[in-house]
Amino acid sequence: MKHMYVYILTNNSGTLYIGVTNDLERRMWEHRHGAIPGFTARYHLRRLVHMEEFASPSQAIQREKELKGWRREKNVALIETGNPAWLDLSADWEID
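Okay, so let's go over this structure. Predicted model, so just to flag it, every value in this text is computed and none were measured.

### Remarks on the overall build of the chain
- The number of helices and strands found in the chain is four helices and three strands.
- Counting helices and strands in the order they occur from the N terminus, the chain gives β-β-α-α-β-α-α.
- The C-alpha atoms of the chain give a radius of gyration of 13 Å, which matches the 12 Å a tight globule of 96 residues would have.
- The proportion of buried residues among the 96 residues of the chain is 42%.
- By sequence separation, contacts in the chain at least 24 residues apart represent 62% of the contacts at least 6 residues apart.
- When the accessible surface of the chain is summed, it comes to about 5,800 Å², and 52% of that surface belongs to carbon and sulfur atoms.
- On the chain, the mean spot of the 13 positive side-chain charges and the mean spot of the 13 negative ones are 8 Å from each other.

### Some points on the pattern of salt bridges
- Summed over the entire model, instances satisfying the criterion amount to eight salt bridges.
- The salt bridge partner of Asp88 is Arg32, with a shortest N-O separation of 3.3 Å. You can see Asp88 sitting in the segment after helix H4 (72-82) and its partner Arg32 sitting in helix H1 (residues 24-32), a full 56 residues away along the chain.
- Since its relative accessible area comes to 22%, Asp88 is described here as partly exposed.
- Close ionic contact of Arg63 with Glu52 constitutes a salt bridge, the shortest N to O distance being 2.8 Å. Here Glu52 lies in strand E3 (residues 47-54) and Arg63 lies in helix H3 (residues 57-69), a separation of 11 residues in the sequence.
- A residue is classified by how much of its surface remains accessible, and Arg63, at 16% relative accessible area, is buried.
- When salt bridges that share partners are traced, they join Asp23, Arg26, Arg27 and Glu30 into one network.

### Observations concerning H1
- Of the positions making up H1, those classed as buried are Leu24, Arg27, Met28, Glu30, His31 and Arg32.
- Trailing H1 by a residue or two, Gly34 shows a phi angle of about 60 degrees, which is positive.

### Side note on the sheet that holds strand E1 (residues 4-10)
- Taking strand neighbours across the sheet as the criterion, the three strands line up as E2-E1-E3 in an open arrangement whose pairing is antiparallel. The open sheet has two edge strands with one neighbour each: strand E2 (16-21) and E3. Recorded for the sheet is a direction-independent mean angle of 20 degrees between the axes of neighbouring strands.
- Where E1 meets E3, seven bridges bridge the pair, whose relative direction is antiparallel. By the bridge assignment for E3, Leu9 is matched with Leu48.

Thresholds applied
Residues numbered from 1 in each chain as written. Predicted model: local features only at pLDDT ≥ 70, side-chain atom pairs only at ≥ 80, totals over all residues. Heavy atoms only, no water. Helix = DSSP H or I, 4+ residues; strand = E, 2+ residues; numbered from the N terminus. Rg over C-alpha atoms; globule rule 2.2 N^0.38 Å. Buried < 20%, exposed > 50% of the residue type's maximum accessible area, 1.4 Å probe, protein only. Contact = heavy atoms within 4.5 Å. Areas by Shrake-Rupley, 256 points an atom, 1.4 Å probe, with all protein chains shown as cover. Lys, Arg positive; Asp, Glu negative; His and termini not counted. Charge placed at Lys NZ, Arg CZ, Asp CG, Glu CD. Salt bridge = Lys/Arg side-chain N within 4 Å of Asp/Glu carboxyl O. Pairing = 2+ DSSP bridges. Axes fitted to C-alpha atoms, helices over the stretch in contact; angles between N-to-C directions.

Structural data, given as C-alpha cells:
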C-alpha cells in the first residue's frame, strides 16, 4: 500500500502552502523546479518545513483540510513544534 503525505512548504517571506501527495520526493522535485504552474511556482515555495505520513488517501485528505482550516498562527505553532528552526526537511534528498 502506498503511503500518503500532508506537507507544508514555505519561502523566504514565510508564505505557507499545505499540500497532499502520494510521492513526496517527486512532489518536492516538481515544487523546486516550478514544474506545475500555480501558487507554489509563483511564490517560490520550495522549503519543506513539515510533513505527516498517512496510511490512506482519505486520512491524508482529511488532515490536509483540517490544516487548511486552521489560522496561520496554529500552523506556525505546528511547524515550530517539530522544526523550530524551519529547516528544509528535504535538503538532503537527492532530488535536484
